[in-house]
Amino acid sequence: MLQELQDVINDISAEVGVPTSLTDTRLNSLVFGPHDDAEIDSVRRQALLLRSTPEWVREWFGRYGIDTATAPVRIPADPDRELASRVVVPARWASTTCGYICLLDVRHELDETRMDAVLEAAAEVGRVLYLDQQARHSDADLLGDLVRGSVAVRGKAADRLSEQGRFPVGWPVAVVFLRPVGRGAGTDALEHWLWRDHGGLPRGALRCLDAEGAVILAAVPPTAEPGHTERIIDHLLAGGDDLPELVVGIGDPQTDLHDAHLSYEHAQLAARAARVWPETGPVCSWDLLGALRVLIGTPDHLLRDLMDPRVALLKEAQPSQASLIDTLETYLDSGCDNQTTAARLHVHRGTVYYRLEKAASLCGMDLSDGLDRLALHLGIKLLRLIESKAD
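Cut-offs and rules
Residues numbered from 1 in each chain as written. Predicted model: local features only at pLDDT ≥ 70, side-chain atom pairs only at ≥ 80, totals over all residues. Heavy atoms only, no water. Helix = DSSP H or I, 4+ residues; strand = E, 2+ residues; numbered from the N terminus. Rg over C-alpha atoms; globule rule 2.2 N^0.38 Å. Buried < 20%, exposed > 50% of the residue type's maximum accessible area, 1.4 Å probe, protein only. Contact = heavy atoms within 4.5 Å. Areas by Shrake-Rupley, 256 points an atom, 1.4 Å probe, with all protein chains shown as cover. Lys, Arg positive; Asp, Glu negative; His and termini not counted. Charge placed at Lys NZ, Arg CZ, Asp CG, Glu CD. Disulfide = S-S within 2.5 Å. Pairing = 2+ DSSP bridges. Axes fitted to C-alpha atoms, helices over the stretch in contact; angles between N-to-C directions. Parallel < 35°, antiparallel > 145°, perpendicular 65-115°, else oblique. Left-handed = near helix turned anticlockwise from the far one by under 90°. Nonpolar A, V, L, I, M, F, W, Y, C, P; charged D, E, K, R; others polar. Expected span 1.5 Å × (residues − 1). Arc of directions from axis to C-beta. Phe/Tyr/Trp six-rings, centres within 6.5 Å; stacked < 30°, edge-to-face > 60°. Core = buried A, V, L, I, M, F, W, Y, C linked by side-chain atoms within 4.5 Å.

Focus: the overall build of the chain
Alright, step 1. A tally of regular secondary structure across the chain gives 15 helices and ten strands.
Alright, step 2. What you see for the chain is a C-alpha radius of gyration of 27 Å, clearly larger than the 21 Å of a compact globule of 391 residues, by over 25%.
Alright, step 3. The C-alpha extent of the chain, read off along each of the three principal axes, is 85 × 55 × 35 Å.
Alright, step 4. Buried residues in the chain amount to 48% of all 391 residues.
Alright, step 5. For the chain, long-range pairs separated by at least 24 residues make up 61% of all intrachain contacts whose partners lie at least 6 apart in sequence.
Alright, step 6. Split by element, the accessible area of the chain, about 19,300 Å² in all, is 50% carbon and sulfur.
Alright, step 7. Looking at the chain, you have 39 positive and 59 negative side-chain charges, and the mean spots of the two groups are 4 Å apart.

Here it is in C-alpha cells:
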C-alpha cells in the first residue's frame, strides 16, 4: 500500500514542482516526495525524522478549517516557528477524509492548472487509504474478538482467520502487549506507531488498540530460537522517538489459535509486572517471570491479606527509614550478596550491613532464616504491587 502511495506522491511532486508529502488525518507523515533540503522548512524536517507532527502545527492548521474541508486549503506561513506556507488537499473517498496531501508553496506557485493534477491524485490517494483503513478496522475487530470475546465469539474469529490462511499452518501464535507507563498517557502516538509499516512484523500479524495499550498477535516459527519475539520488539521500537514511555509484555505462544486469548492475558500481566517491578522490564516475558506470576495474577482484594504483617512494620517506619525496604529488596534480589547489593545501591558495604540489621530489628525477622527471607521477599513484592494500584 505504501509503495503505491509513494508512487502517486512522487508523480505529484514531479508534476507540480514543489515538495509534497502525504499525512494521515492527524497530520502524521506517511510518505514524502523527493526534494532538496533547502526547499523544506523545519516542520517538514521534523516530520521526516520523527514521522509525527507537533500539536501546535495541528492547532495552526485547524484554525483554517482542514478538519471539515472538502477542497484545498491554504495554510499561511508562521515565520516565528519556521513554518512555510502550504496548500493542504484532503484525500477523500466515500465522503470520508482519509488523509492530506501537503504541498509546500512558499512562492505561491500553485495555479489552477497545477492543482487539477493534485485534485485528481487526491481522489486516488483517498481510495487507497480508505480501503486500507477498512482492512485495518476488520483486522482490529477480528483480533479484539479473538482475545477478548466470549468462547463462541473467539471460536468464530479463530475459524475465520484459519479460513483466510492468515498464519502459517502449524505455527504457534503469541501476543505482544505494549502499555504506556505514564498516567493519562495519550494513545494517539501509539496508534500512529502501531499502524506504521515497520517491515519487521511477521506475515499475517494482527494489530489493535485496547483500553490500556496496543496488542499485536503474530505467528512464531516452530524452530524459533529463544529471544525470537524480543528481537522483533527491538526492531519495532527502533526509531520510535515519538512514542510515550512503554512497558512490553510477551505472552506464551499457543499452538491452537482458539487459545490466543491465553497469550493475551499473559502478555497483559507481564506488561503490568514490568511496570510494578522495573527489574523485570521494560520488556517482560511471561515465561521468564517465575514466582512473580503468582503475585501478578492475585485478585486485588487478597493482596493485603497475603502480605506478611511484619512487612507492614517496615512500611510504617517510612519515610524516616525510606532506604530500608529498598536495601532489603535489592539484597534479596541479589541472592543475599552484600557486595552486589552495595554495588547496585552505590553505597559502602558497611551501610548495607547497618540497614539490614536495622530492618531486621524493626520487623522482628531473622535474615538468616530461609522462611523469614521468603516472607520478606514476597511481602516487599506484594507491597510494590499494592502501591502501583494506588498510583
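As for the state of the cysteines
Alright, step 1. All told, the structure shown has zero disulfides when counted by the stated rule.
Alright, step 2. Looking at the unpaired C102, the closest cysteine sulfur is the one in C98, lying at 15 Å.

Some words on the sheet that holds strand β6 (residues 173-180)
Alright, step 1. The strand order across the open sheet formed by five strands is β7-β8-β6-β9-β10, and the pairing between neighbours is mixed. For this open sheet the edge positions go to β7 (206-209) and β10 (283-285), each flanked by a neighbour on one side alone. Mean inter-strand twist for the sheet, computed between neighbouring axes without regard to direction, equals 15 degrees.
Alright, step 2. Where β6 meets strand β8 (residues 214-219), six bridges bridge the pair, whose relative direction is antiparallel.

Comments concerning the packing of helix α4 (residues 112-148) against helix α5 (residues 151-164)
Alright, step 1. Look at α4 against α5: their axes get within 7 Å of each other, and the N-to-C directions meet at 130 degrees. When the axis of α4 is compared with that of α5, the two are oblique. Note that α4 runs across α5; the crossing there is left-handed. Contacts from S138, L142, D145 and L146 in α4 reach V153, R154, A157, A158, R160, L161 and Q164 in α5.
Alright, step 2. Of the residues assigned to the contact of α4 with α5, the class counts are six nonpolar, two polar and three charged.

Structural notes on α5
Alright, step 1. With 14 residues, α5 should reach 20 Å at 1.5 Å per residue; the first-to-last C-alpha distance of 20 Å fits that figure.
Alright, step 2. Buried within α5 we find R154, G155, A157, A158 and L161. Along the axis of α5, the buried positions cluster into a sector of 165 degrees, meaning they face one direction only. Across from the buried face of α5, at angles greater than 90 degrees, the exposed residues are A152, K156 and E163.
Alright, step 3. The inward-facing, buried residues of α5 contact α4, β7 and α8 (260-276).
Alright, step 4. One or two residues past the end of α5 sits G165, with phi positive at roughly 65 degrees.

Some details on the sheet that holds strand β1 (residues 20-23)
Alright, step 1. Read from one edge of the open sheet, five strands run β2-β1-β5-β4-β3, paired in antiparallel fashion. The outermost strands of the open sheet, each flanked by one partner alone, are β2 (29-32) and β3 (73-75). If you compare each strand with its neighbour and ignore which way they point, the axes differ by 30 degrees on average.
Alright, step 2. Strand direction decides the pairing type here: strand β4 (residues 86-93) and strand β5 (residues 96-104), joined by eight bridges, are antiparallel. Bridging from a neighbouring strand, P90 pairs with Y100 of β5.
Alright, step 3. Its contacts with the sheet put helix α1 (residues 2-16) on β1, β2 and β5, and the angle it makes with β2 is roughly 55 degrees.
Alright, step 4. Of the strands in this sheet, β1, β2, β4 and β5 are in contact with α4, which crosses β4 at around 45 degrees.

Examining the packing of α1 against α4
Alright, step 1. Following both chains from N to C, one finds α1 and α4 inclined at 175 degrees, their axes separated by 10 Å at the closest point. Our classification of the angle between α1 and α4 gives roughly antiparallel. Only R114, A117, V118, A121, E124, V125, R127, V128 and L129 of α4 make contact with α1, whose side of the interface consists of E4, L5, V8, I12, E15 and V16.
Alright, step 2. Here the contact of α1 with α4 is composed, by residue class, of ten nonpolar, no polar and five charged.

Describing the packing of aromatic side chains
Alright, step 1. Inspection of every chain in the model, using the stated rule, returns two aromatic pairs.
Alright, step 2. Note on F177 and Y264: the rings are 6.4 Å apart at their centroids and 75 degrees apart in plane angle, and the pair reads as edge-to-face. One end of the pair, F177, is in strand β6; the other, Y264, is in helix α8, and 87 residues separate them in sequence. Taken individually, F177 and Y264 each receive the classification buried, so the pair is uniform in this respect.

Points about the nonpolar core
Here is a general trend for soluble globular proteins: nonpolar side chains tend to be buried in one another's company.
Alright, step 1. One finds L146, L217 and L376 to be the most contacted residues of the largest nonpolar core, which totals 73 residues.
Alright, step 2. With eight residues, the single largest contributor to this core is α8.
Alright, step 3. Leave out the neighbours within four places in its chain, and L376 touches V311, L314, L328, L332, C363, M365 and L367.
Alright, step 4. Counting residues in hydrophobic clusters, the runner-up holds 23 residues, among them L5, L30, A91 and C98.

So, unusual backbone geometry
Alright, step 1. The step from G281 to P282 runs through a cis peptide bond, and the omega angle for that step is 5 degrees.
Alright, step 2. Mapped onto the fold, P282 is located in the loop between α8 and β10.
Alright, step 3. One non-glycine residue, C336, lies in positive phi territory at about 60 degrees.
Alright, step 4. Of the residues examined, C336 reaches a relative accessible area of 26% and is grouped as partly exposed.

Geometric descriptors of this kind do not, in isolation, establish any biological role.
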